[in-house]
Amino acid sequence: MLKCRTVWRKLAPLAKCSSTLCRQNVRRTGLNNGRTPVCVPAARMSTGPVGGGGDNLKYALLVGAVSAGGLLYAVVTMKSDQRRYKERMEELSTRPQKTSITEQTQSEPPAVPEDQPAAAPSIEETSSPAEAEAPKEETAPEVTDTPPVVDSTPVSLKLPSHAPYLLIGGGTASFAAARSIRARDPGAKVLIVTDEPDLPYMRPPLSKELWFSDDPAVTETLRFKQWNGKERSIYFQPPSFYIRPEDLEGAENGGVAVLNNRKVVYMDVRGNKVKLDDDTEISYDKCLIATGGIPRNLQVIERAGEDVMKKTTLFRKIEDFKSLDKVSRNVKSVTIIGGGFLGSELACALGRRSTESGLEVIQMFPEKGNMGKVLPEYLSNWTTEKVKTEGVKVLTEALVKSVNCKDDKLEIRLKDGRVVTTDHIVAAVGLEPNVDLAKSAGLEVDSDFGGYRVNAELQARSNIWVAGDAACFYDIRLGRRRVEHHDHAVVSGRLAGENMTGASKPYWHQSMFWSDLGPDVGYEAIGIVDSSLPTVGVFAKATAKDTPKAATEKSGTGIRSESETEDTAVSPVASDTPSPAAEHKDDFGKGVIFYLRDKVVVGIILWNVFNRMPIARKIIKDGEEHADLNEVAKLFNIHED
Amino acid sequence: MKDFSKDPPQHVFQIHYNGFIDGSPHYKIIFVTKEDHEAPSNAELVEEDPNDPYEEQGLILPSGEINWNCPCLGGMASGPCGTEFKDAFSCFHYSKEEIKGSDCMEQFTAMQQCLQLYPELYPQEDEAASKQSSKDSAMYFSRLFLELPTRLCWRNFQ
C-alpha cells in the first residue's frame, strides 16, 4: 500500500503532465470527434501555432519519450523500494538473533555468524564429568577445552541449569548467607559459584594463627589452635557438609553445593540468569553477589616489570599463604609494604619467625606509625614500638619511588632517598572491590567507597543482594559505608541470606573487628574507627595481667565475641618472654578509646580489654551525645579482667 | 568536652591535651585509677526494647518459636541433617509430655541415623547412646537439646 502511494505520488505529477500533454496534443491533432470546447483556456501555452503533421510526430515522440522515461523511473523506484524493504525485513528478523549472540559471546568480536544461537543450548549440557568431582577432591582441575559429546553425558552428571539460590563468590559472606538461607528455608537448594579451587574458608588465620602453628605441615592441613586449645580447620565445614552441584536439583532436602574454578562473567538481570566463563548458563530465583575483592598493587611495582612481580606477593588467599610461607623459609630478607591491619599482622608473624631463622623483616609505609589511619597518633606510635620489639625493622613515612631488580635482589628506592635491598616484597596496600559484574548487570558502583551500591537491606536490584567486602551499604546508624572485616562479612552475609528468604531487615547489628600484634597488643573495635576523627581515650594503669595471653589463660573462656562470629580467635601465643609489667604511667596498657563525630560516639576501640563488646555495641546503637565520656568509660570496668 | 586544664578535679590522675586541629582538641587522653571508676556511672543509656525486631535474637524468639538462624546452633540446622535436626528439636521444644520429648522418638531416631552418616561433621561423643532403651533415649535427647546452645558455643560445633 505504501509502495503504491509513494509510487503514485512520484508518478502523479508525471501522470498529470503527460495526461495534460496528451490532452493538449489530442486537442491539437484534433483526435477528438469534433467536440472541441469552443472556449479554449487562455492559459494554454503558446508554443507556436498549432502545426502540421511534422510537429505532430515530434509531439508524439516527446510524449512517448516522457512516458517511457516516467515508466522507467517508476519501475526503478519500485524495484529499489522493494529491495530496501526486503533488507529492512531481514534486519528486523535477525535482530533478536543478534542480541542473543552478543549476550552469549560478550568477549568475542562483534562479527559473529548467525548460527550461534543453535549452538548455545548444546554448550549448556556439555559439562565434563571430571569437573563434577572438583568440589570433593581438593585438586584444581582446569576447565576442559574439548567438551565431551552430548549424547554420552548421562543426565545425572549435568550441572544444574537453575539454582533457586545462587551465590556468586565462595568466601565468608557467601557461606554465612548459605547457612542463613538453609536455616530459614527448609529444603533450600543453594549453589555457590567461586573461581577459587577451595571450599569456603575464613581469612583471619591466614595472617595470624596459621603462622604461630608448631605443625610443620600446617600449609597442607591448614589447621590452627584456637583460644580454648582446640584445633580446627580454616575451612568452615569439611567437604561432607556440601553436596555435589549435579545432585542439587534432585536433592530432596536441598543442600549447599559449591562449584569451584568457575567465574561468572555476565549477568542478565531481567532474564534472571548468569553466564559462566565456560559459557554455561545458570538461572536463579534469588542471587547474592559476594565477590569480595582483589589486593591492590603499587603502581611502581606493576610498572617495574616481570622480574619484580615474580618476587612480589599480593596477600589474600590460601595459595598466597602457602607461597609466602615457602618464600620466608628460603630468603634472607622480606619487606612488607603497608602499615594497616594486614601489613602489621604479617610483619609481626614474620618477625617472630625471624628470631628463629635469622630472616630480616622490614615493614614500610607512608604513615607515621603502624595503624596510622586507625589509631590516634599516641597509640599508633606506641604500637609501632611494640611491632619493633617483635623483630621488625619499621620504616615510617616511607613512600616508594621505584623498585628494580638487581643481581637477583630487589632494590626499593624511597622518595626521601633511602634505599632498601630485599629479596621479596609483600604488598598489603588495600583491597580493590570486585565489581566486574556491574556493567552487564546494570548495577550501581559507589564512587566514594567503591563496591556495589546497595540499600540498608543490602539489596542492589530485584532479586540481587550484595554482601561482604564488595557491598557499599547504608548503615542506618552510621551512614553509608563499606567494611572490609571478617565479622562484617559474617553479619552482612547472614542478613543477606535472611532477606533473600523474605525478611526485609536493615543492617542493624554492628559488626566488630579485632587485631592482635604480638602477645602484648590486642584490641577489639566496633563502628567507625578513623584516626581523622577526634578521640577520647580513657586508660588504666597496665599490669602484667592485662594482655590477650594472660586474659586467655586466666579465664579459660572466649576472649572474642565469637558467639556471633564464626570461631576465629587468636591462639594463646606460645611466647617464652614474660609480658612486661608496665610501670610507666604513660604506658597504654588497658583502656577504651571513643571516636566522635559531631559529639556522638561512632566508634569504640577496646584496648586490651575483652568481653566488653556488648556494652560498646549498645553505646554505638544509642547514638547519644554524652557530656562526660569518662562516665561512659566507667561502664566498661577497665580495671577488672 | 569539659575543659580540665584550668581546674583539674581531684580524682583524675592525669590528663593530656594533645593534637589540636583548628583550635579544638583532636585527641584527649585520660588516665584513671581504680578508685576513679569506683562510683557507678551516671551515663545514660537508652532503654532496651525487648521486642526490638531488629536486635539479634537468641535461640528462642519472643514469640516462642525457635530461631533457626541463631549462631549458637552452628551448622546443625543448615547441614545435610538440617531437616532431621529441625524436626527433632521442634518436636522436643513443643513437647508437653512429663518427660519432655518422650513423644518424639521417631524424630530423634531419624536424626540419630542421619548424624551417623556424617561422622566427620557430627562426631559421636556418646557411643552408648545407640544402645539405650527408648526411655533412656528420650532422656538423652532431652539433655542434649537442653544444653544445646551452651554446648555448641563451647564446642565450636561444625
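Note that the structure is predicted; figures quoted are calculated from it, not measured.

J.: Please set out the pattern of salt bridges residue by residue, giving values where relevant.
T.: Residues and elements named next belong to chain A. In this structure the tally under the stated criterion is 27 salt bridges over all chains. In this structure, the salt-bridge partner of R296 is E432, at a minimum N-O distance of 2.7 Å. Separated by 136 residues along the polypeptide, R296 in the loop between strand 9 (293–295) and helix 7 (299–304) and E432 in strand 18 (residues 431–433) bring together distant segments of the chain. The exposure class of R296 is partly exposed, given its relative accessible area of 34%. In the salt-bridge network here, residues are joined through shared partners; they are D325, R329 and R353.

J.: Requested: an account of the interface of chain A and chain B, with residues and values cited.
T.: Facing the 60 residues of chain A at the interface are 51 residues of chain B. Carbon and sulfur atoms supply 54% of the area that chain A and chain B bury against each other, a total of about 5,000 Å² over both sides. Contact with chain B buries surface across chain A, with A:A183, A:K634 and A:H639 losing the most and accounting together for 11% of the total. At the junction of chain A with chain B, the criterion picks out 0 salt bridges. Put simply, chain A and chain B have 19 residue pairs in polar contact (both at pLDDT 80 or more) between them. Broken down by element, the side of chain A that touches chain B gets its largest block of residues, 6 residues, from strand 26 (residues 535–540) of chain A.

J.: Go over the sheet that holds strand 10 (residues 312–314) of chain A with me, naming the residues and quoting the values.
T.: All names here are of chain A. Taking strand neighbours across the sheet as the criterion, the 5 strands line up as 10-17-11-12-13 in an open arrangement whose pairing is parallel. At either margin of the open sheet sits one strand with a lone partner, and together these are strand 10 and strand 13 (392–395). Across the sheet, the mean angle separating the axes of adjacent strands is 20° when strand polarity is ignored. Across 4 bridges, strand 11 (residues 333–337) lies against strand 17 (residues 424–427) in parallel orientation. Looking at strand 17, one finds that I337 is bridged to A427. Helix-sheet contacts for helix 9 (residues 318–330) involve strand 10 and strand 17, and the interaxial angle to strand 10 is about 150°.

J.: Can you tell me about the environment of A:L167, naming the residues and giving the values?
T.: All names here are of chain A. With respect to the helices and strands, the residue L167 is situated in strand 1 (residues 162–168). Measuring from C-alpha to C-alpha, the distance between L167 and V361 comes to 39 Å, with 194 residues separating the pair along the chain. In this structure L167 touches S174, A177, A178, I181, V190, L191, I192, V193, L288 and M500, once residues within four positions along its chain are discounted.

J.: Help me get a handle on the domain arrangement of chain A, residues and values and all.
T.: Residue and element names in this part refer to chain A. Looking at the assigned domains, one finds that chain A contains domain 1 (162–200 + 236–292 + 434–501), domain 2 (296–430) and domain 3 (512–635). Opposite the 10 residues of domain 1 that make contact, domain 3 presents 16 residues. Buried area between domain 1 and domain 3, both sides added, is near 1,000 Å², and the carbon and sulfur share of it is 54%. For the domain 1 face of the interface with domain 3, the top three residues by lost area are R477, L478 and D487, together amounting to 51%. Across the contact surface, domain 1 and domain 3 share 0 salt bridges. If you look at where domain 1 meets domain 3, you find 4 residue pairs in polar contact (both at pLDDT 80 or more). Per-element accounting of the side of domain 1 that touches domain 3 gives the leading share, 4 residues, to helix 13 (residues 486–500). Broken down by class, the residue content of the side of domain 1 that touches domain 3 amounts to 3 nonpolar, 2 polar and 5 charged.

J.: Quick one: what's the story with helix 5 (residues 172–184) of chain A, residue by residue and with numbers?
T.: An α-helix turns once per 3.6 residues; consequently, residues spaced three or four apart project the same way. Taking 1.5 Å per residue, 13 residues should reach 18 Å; helix 5 of chain A reaches 18 Å between its end C-alpha atoms and fits that length. Counting buried residues along helix 5 of chain A, 12 of its 13 residues qualify, which places the element largely inside the surrounding structure. Taken residue by residue, helix 5 of chain A has A:T172, A:A173, A:S174, A:F175, A:A176, A:A177, A:A178, A:R179, A:S180, A:I181, A:R182 and A:A183 as its buried positions. In this structure, the buried residues of helix 5 of chain A make contact with strand 1, strand 2 (189–193), strand 5 (255–259), strand 8 (281–289) and helix 13 of chain A together with helix 1 (82–94) of chain B.

About the criteria used
Residues numbered from 1 in each chain as written. Chains lettered and ligands numbered in written order. Predicted model: local features only at pLDDT ≥ 70, side-chain atom pairs only at ≥ 80, totals over all residues. Heavy atoms only, no water. Salt bridge = Lys/Arg side-chain N within 4 Å of Asp/Glu carboxyl O. Helix = DSSP H or I, 4+ residues; strand = E, 2+ residues; numbered from the N terminus. Buried < 20%, exposed > 50% of the residue type's maximum accessible area, 1.4 Å probe, protein only. Contact = heavy atoms within 4.5 Å. Buried area = accessible area lost by both parts, 1.4 Å probe. Polar contact = N/O pair within 3.5 Å; in protein donor to acceptor, adjacent residues only side chain to side chain. Pairing = 2+ DSSP bridges. Axes fitted to C-alpha atoms, helices over the stretch in contact; angles between N-to-C directions. Domains from an automatic or database assignment. Nonpolar A, V, L, I, M, F, W, Y, C, P; charged D, E, K, R; others polar. Expected span 1.5 Å × (residues − 1).

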